[in-house]
Amino acid sequence: MNFRNAFAGAIVSLALFTGCAQKNSVDIIPLPQQMTVNSGSFTLDNNVSIAGNSQFEIDLLKEKLSTAAGIVLKDAGEGGRIIEINVDPGAGTKKEGYILDVTPDKITIAASDKAGAFYGVQTLMQLMPPAIYGKAQGGENWSIPCVSIQDWPRFGYRGAGLDVSRTFFPLETIYDMLDWISYHKLNKFHWHITDDNGWRIEIKKYPLLTEKGAWRGPDEVLPPSYGSGNKRYGGFYTQEEIKEVIKYAVDRNIEIIPEIDLPGHSKAVIACYPEVGCTNVDKTMSVNGEVNNVWCVGNEKTYTMIDNIVAELAALFPSEKLHLGGDEVNMDNWKNCPHCQAFMKKMGMKEEIELQNYFVRRMEKIAAKYGKVLVGWDEIRKGGDLEPSTIVYGWASMKSGAEAVRKGQRTVFLPAQYCYMDMKQSKYERGHNWAAIVTLDSTYKLDPINMNDFTPEQEELVLGVQANLWCELLDRPARFLEYQYFPRLCALAETAWTQPELKDYDNFWNRITASHYDRMYNMGIKFRMPFPEVVYENNTLKVTSPYEGAEIRYTTDATEPTLSSDIWKGDIKTDEPEKYRFATFYKDFNQSIAVGASNIDPYHYLTPEVSIESSYKESETAKGFPMANITSYDMGKYWRINRRSDAGDFVLYTFKEPVECGKITVETGVPGITFYSCTEGHVEYSYDGENFIKGDDFVYGIATIKPEEKVKAVKVVFTGMSDALITAFQNLRIEK
Ligand code: ACM
Ligand code: ZN
């Protein structure tokens, strides 16, 4: 079927000009399943009344219009224009679906359930000027194009996940997230509420979990980590606060699925209640470099404590789902624990993987005792079968989720290659890339049904999709959560909601740039802006704009463009392309990263012969990351030490010959993300190799030197504890 013809009304962005110069586009995200755009419009003003039985939605619309536009909807209409919002089990809509009809005199939203009415209102708001999400800026045309929409979701599970352990987010951010999720018709918030680096939910029976386990720092039970530096950091949510959050979510058709990550990722618990951890002698590290972070599976106290915790969670969260993690357990902990080994012997188990299955089966029983269904990551399938009701979150790959489905488990798909919002969005941006560079297009492409060869019965087991944000890199820059999530979460929303035959990336991109940027701006989301593509050919810098009408500014001195930089208008002839930087701007609110031409090296670093001395032992070097990496001037490489650094640690770079230069940038940590960096310390430099001058403190792992003479040596000096169990060093960036 040629969907462009069949659904022309839905696909084509229609500009309506209703009297004044204001343009209202029908650019809805996620795209509705069936939509016809008719001529004419409904004018919103103080003569409109609102009626119906869907009170929350009625109040929501009244509140939005009054705040954004100063329009006060009347309660009951006697003639005149009217908006009606009704939930009627006989409305004939699918689950969470709605019918929205806009004519010049009347708007009706009809749905069989409250969720449908809520989503009808969301669509209606997207038919209004973007200021509906914020405050009127003047000049809005408060009218709504006439449309006829019949809409429903493709998947029942449309999720967003957030790790609040590595980075703690205040309640305000959680409420913002719930708003933003609901605007995009997502209906699950998966709250990863505990992990190694902070326990963030009040459990009345185990007060130490939040008295101690919610905090990290030099004098806390949890050491500093993930950008929290050499200071006390943390926070948690009380049960009363969580009750309010849940109420807010329920009103917006969002189910909150709490996750307590067990039996790995549990350093915060075990630091507070060591009796439930393995007493292993050999300190084996988890993939995140943590030790002592695994519950002891051979100890009955473990199950008593988990049961007590689950009792409180079950009483708090209405969701039928209870996510108990199960991922990335380093089973060497169990191999080296006398309790676990004795238990294996007693049970006749041969391999530690059987302990994992034993543990998961016990978790299923505990969940069931409190009326819940167990949810866990891919790894819960390891080592044996599961209850048919247990839900698997397929994260490692598309294949792992598909295997869960083929095994008969209900599965949520969040393959990291499409859905992990901690992955970087281009090679130039901050973020992980162990799974992939996850572009907007990658997230949009995800389709767990069409990308697999499932039987109809297996398709029924695909509950839906989720975008997920792990937060070890989220301490900075400011509002990085929004940068990582938007607009990738919009792509996930369309993947989750809209039938695949209606989806078209170019069309989606047009809706994002033509209308949704303005909406996100009004929603208060500091979304990621795309940068222009720049190449240098025939002495000319050629720039490709990321979208029609994008505002691109540039500099000619290699600095980051600002709002006062020149606007790019066309090809630039130059013999010095490395001096140019370009960025895309959205109002005075947002801008992309700055880029130079992608086919030239914009930096000309000097590469003088250099040798290293340090406080680290050869044996502390991680495999594959030798010290020689940081004398190679290959900027992608780094030297990795398998331990936390502390006051007194140092790395000394000594040049064979003193170097004449204007600037040396000293970066610690992993290149590009400055993870595992020097969080407490400064640089020193020397002109003679003996007398050292104190330079800048490290800020986010970076310090610069502007020498006045030739430099003989540069030293990284730690004055306090670093905030990771690993330390990394890079090549010096030496500029003329
Ligand atoms: C995971 O990313 N370890 C679920
Ligand atoms: Zn044990």
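Residues numbered from 1 in each chain as written. Chains lettered and ligands numbered in written order. Predicted model: local features only at pLDDT ≥ 70, side-chain atom pairs only at ≥ 80, totals over all residues. Heavy atoms only, no water.

Here we take up the overall build of the chain. When its secondary structure is counted, the chain shows 19 helices and 37 strands. Relative to the compact-globule value of 27 Å for 736 residues, the chain shows a C-alpha radius of gyration of 28 Å, a close match. The principal-axis extents of the C-alpha atoms in the chain amount to approximately 90 × 75 × 45 Å. The buried share of the chain, reckoned over its 736 residues, is 59%. (Helix = DSSP H or I, 4+ residues; strand = E, 2+ residues; numbered from the N terminus. Rg over C-alpha atoms; globule rule 2.2 N^0.38 Å. Buried < 20%, exposed > 50% of the residue type's maximum accessible area, 1.4 Å probe, protein only.)

Taken together, the protein ligands of the zinc ion (ligand 2) are Cys278 (SG), Cys296 (SG), Cys337 (SG) and Cys340 (SG), with distances of 2.3 to 2.4 Å. Because the angles between the four donor atoms bound to the zinc ion (ligand 2) fall within 100 to 118°, the donor set is best described as tetrahedral. The sequence motif formed by the donor residues of the zinc ion (ligand 2) is C-x17-C-x40-C-x2-C. Here Cys296 is found in the loop between α8 (267-272) and α9 (300-316), whereas its partner Cys337 is found in the loop between α10 (332-335) and α11 (338-347), with 41 residues between them in sequence. Both residues of the pair, Cys296 and Cys337, count as buried. (Donors = N, O, S within 2.8 Å, 3.2 Å for Na, K, Ca; no water. Tetrahedral: all angles 85-135°; square planar, octahedral: opposite > 155°, others 65-115°.)

Those residues of helix α13 (residues 398-406) not exposed but buried are Met398, Ser400, Gly401, Ala402, Ala404 and Val405. Residues of α13 that are buried sit in contact with β18 (391-394), β19 (410-413), α14 (416-419), α16 (456-460) and β20 (462-469). At the N-terminal end of α13, a side-chain oxygen is found 3.3 Å from the backbone nitrogen of Lys399, two or three residues along, and the residue is Ser397. (Contact = heavy atoms within 4.5 Å. Polar contact = N/O pair within 3.5 Å; in protein donor to acceptor, adjacent residues only side chain to side chain.)

This brings us to the packing of aromatic side chains. Aromatic rings considered in pairs are described by the distance between their centres and by the relative angle of their planes. Going through the model one piece at a time under the given rule, you end up with 46 aromatic pairs. Seen in terms of ring centroids, Tyr420 and Trp434 are 5.9 Å apart; in terms of plane orientation they differ by 90°. Their pairing is edge-to-face. Taken as a pair, Tyr420 in the loop between α14 and α15 (440-445) and Trp434 in the loop between α14 and α15 lie far apart in primary sequence, 14 residues in all. Residue class for Tyr420 comes out buried when judged on its relative accessible area of 2%. In this structure an aromatic cluster arises from ring pairing among Tyr157, Trp377, Tyr393, Trp395, Tyr420, Trp434 and Trp470. Sitting over the ring of Trp497, Lys185 keeps its end group 5.7 Å from the ring centre. A cation sits over an aromatic face here: Lys715 above Phe650, 5.0 Å from the ring centre. (Phe/Tyr/Trp six-rings, centres within 6.5 Å; stacked < 30°, edge-to-face > 60°. Lys NZ or Arg CZ within 6 Å of the ring centre and 35° of its normal.)

Once that is clear, we can look at the nonpolar core. Leu61, Ile83, Leu124, Leu162, Trp191, Ile201 and Tyr485 are the most contacted members of the largest nonpolar core, which has 172 residues in total. Excluding anything up to four places from it in sequence, Ile83 contacts Phe42, Leu44, Val48, Ser49, Ile50, Ala51, Leu61, Leu73 and Ile107. Val610, Ile630, Tyr685 and Val714 belong to the second largest nonpolar core, which has 28 residues in total. (Core = buried A, V, L, I, M, F, W, Y, C linked by side-chain atoms within 4.5 Å.)

To continue, consider the packing of helix α18 (residues 488-497) against helix α19 (residues 505-523). At their nearest, the axes of α18 and α19 sit 11 Å apart, and the two run at 120° to each other. Classified by the angle between their axes, α18 and α19 sit oblique to one another. Considering only the axes of α18 and α19, their crossing is right-handed. Of α19, the residues touching α18 (which contributes Cys490, Ala491 and Glu494) are Phe508, Arg511, Ile512, His516 and Met520. Residue composition of the contact of α18 with α19, by class: five nonpolar, one polar and two charged. (Axes fitted to C-alpha atoms, helices over the stretch in contact; angles between N-to-C directions. Parallel < 35°, antiparallel > 145°, perpendicular 65-115°, else oblique. Left-handed = near helix turned anticlockwise from the far one by under 90°. Nonpolar A, V, L, I, M, F, W, Y, C, P; charged D, E, K, R; others polar.)

Let us look at the environment of Gly289. Here Gly289 is to be found in the loop between α8 and α9. Sequence separation between Gly289 and Tyr303 is 14 residues; the distance between their C-alpha atoms is 26 Å.

Taken together, Asp688, Glu690, Glu708 and Glu709 make up a surface patch of like negative charges. Among the structural elements, Glu690 can be located in the loop between β32 (681-686) and β33 (692-697). The exposure class assigned to Glu690 is exposed, which follows from its relative accessible area of 67%. (Patch = residues over 30% accessible without salt bridge, like charges linked within 9 Å, V, L, I, M, F, W, Y side chains within 5 Å. Areas by Shrake-Rupley, 256 points an atom, 1.4 Å probe, with all protein chains shown as cover. Salt bridge = Lys/Arg side-chain N within 4 Å of Asp/Glu carboxyl O. Lys, Arg positive; Asp, Glu negative; His and termini not counted. Charge placed at Lys NZ, Arg CZ, Asp CG, Glu CD.)

Another point: the confidence of the model for the chain. Of the residues in the chain, 96% have a pLDDT of 70 or more, and the chain-wide mean is 94. Predicted confidence for residues 1-24 stays below pLDDT 50, and this span has 48 contacts to residues more than four positions away or in other chains. (pLDDT = per-residue confidence, 0-100.)

Moving on to the side chain of Gln122. Structurally, Gln122 is set in helix α4 (residues 114-126). With relative accessibility at 1%, the residue Gln122 sits in the buried group. In this structure Gln122 touches Leu60, Tyr133, Ser182, Tyr183 and Lys185, once residues within four positions along its chain are discounted.

Turning our eyes to something else, we now look at the pattern of salt bridges. Summed over the entire model, instances satisfying the criterion amount to 37 salt bridges. Between Asp307 and Lys369 there is a salt bridge, with the nearest N and O atoms lying 2.7 Å from each other. In this pair, Asp307 is assigned in helix α9 and Lys369 in helix α12 (residues 352-369), connecting sequence segments 62 residues apart. Between Lys542 and Asp571 there is a salt bridge whose closest N-O contact spans 3.6 Å. Of the two residues, Lys542 sits in strand β22 (residues 540-544) while Asp571 sits in the loop between β24 (566-567) and β25 (572-573), which places them 29 residues apart along the sequence. Overall, the relative accessible area of 52% leaves Asp571 in the exposed class. The network of salt bridges with shared partners includes Asp163, Arg166, Asp195 and Glu472.

Let us now look at unusual backbone geometry. Residue Pro30 is reached from Ile29 by a cis peptide bond, and omega for that bond is -5°. Its location among the elements puts Pro30 in the loop between β2 (23-25) and β3 (34-43). Looking along the chain, the bond that leaves Phe486 and enters Pro487 is cis, with omega of 10°. Tracing the sequence through the fold places Pro487 in the loop between α17 (480-485) and α18.

Bringing the packing of α11 against α12 into the picture now. Packing of α11 against α12 leaves a shortest axis separation of 11 Å and a crossing angle of 85°. For the element pair α11 / α12, the angle class is roughly perpendicular. Contact residues: Cys340, Gln341, Phe343, Met344 and Met347 in α11; Glu352, Leu355 and Tyr358 in α12. Split into classes, the residues belonging to the contact of α11 with α12 amount to six nonpolar, one polar and one charged.

On to the side chain of Gln33, then. In this fold, Gln33 is placed in the loop between β2 and β3. Since its relative accessible area comes to 2%, Gln33 is described here as buried. Within the structure, the side chain of Gln33 is placed 2.6 Å from the backbone oxygen of Trp152, a separation counted as a polar contact. Separated by 2.7 Å, the side chain of Gln33 and the backbone oxygen of Trp497 make a polar contact.

What follows concerns the sheet that holds strand β37 (residues 733-735). In spatial order, the strands read β34-β31-β37; together these three strands make up an open sheet with antiparallel pairing. Only two strands of the sheet have a single partner each, and these edge strands are β34 (702-705) and β37. If you compare each strand with its neighbour and ignore which way they point, the axes differ by 15° on average. Bridge count for strand β31 (residues 663-667) against β37 is three bridges, and the pairing is antiparallel. Looking at β37, one finds that Thr665 is bridged to Arg733. (Pairing = 2+ DSSP bridges.)

Moving on, we get to the state of the cysteines. The final tally for this structure, using the stated rule, is zero disulfides. Free of any disulfide, Cys471 has its nearest neighbouring cysteine sulfur in Cys419, separated by 15 Å. Just so you know, Cys490 is unpaired, no disulfide at all, and the nearest cysteine sulfur is the one on Cys419, 14 Å from it. (Disulfide = S-S within 2.5 Å.)

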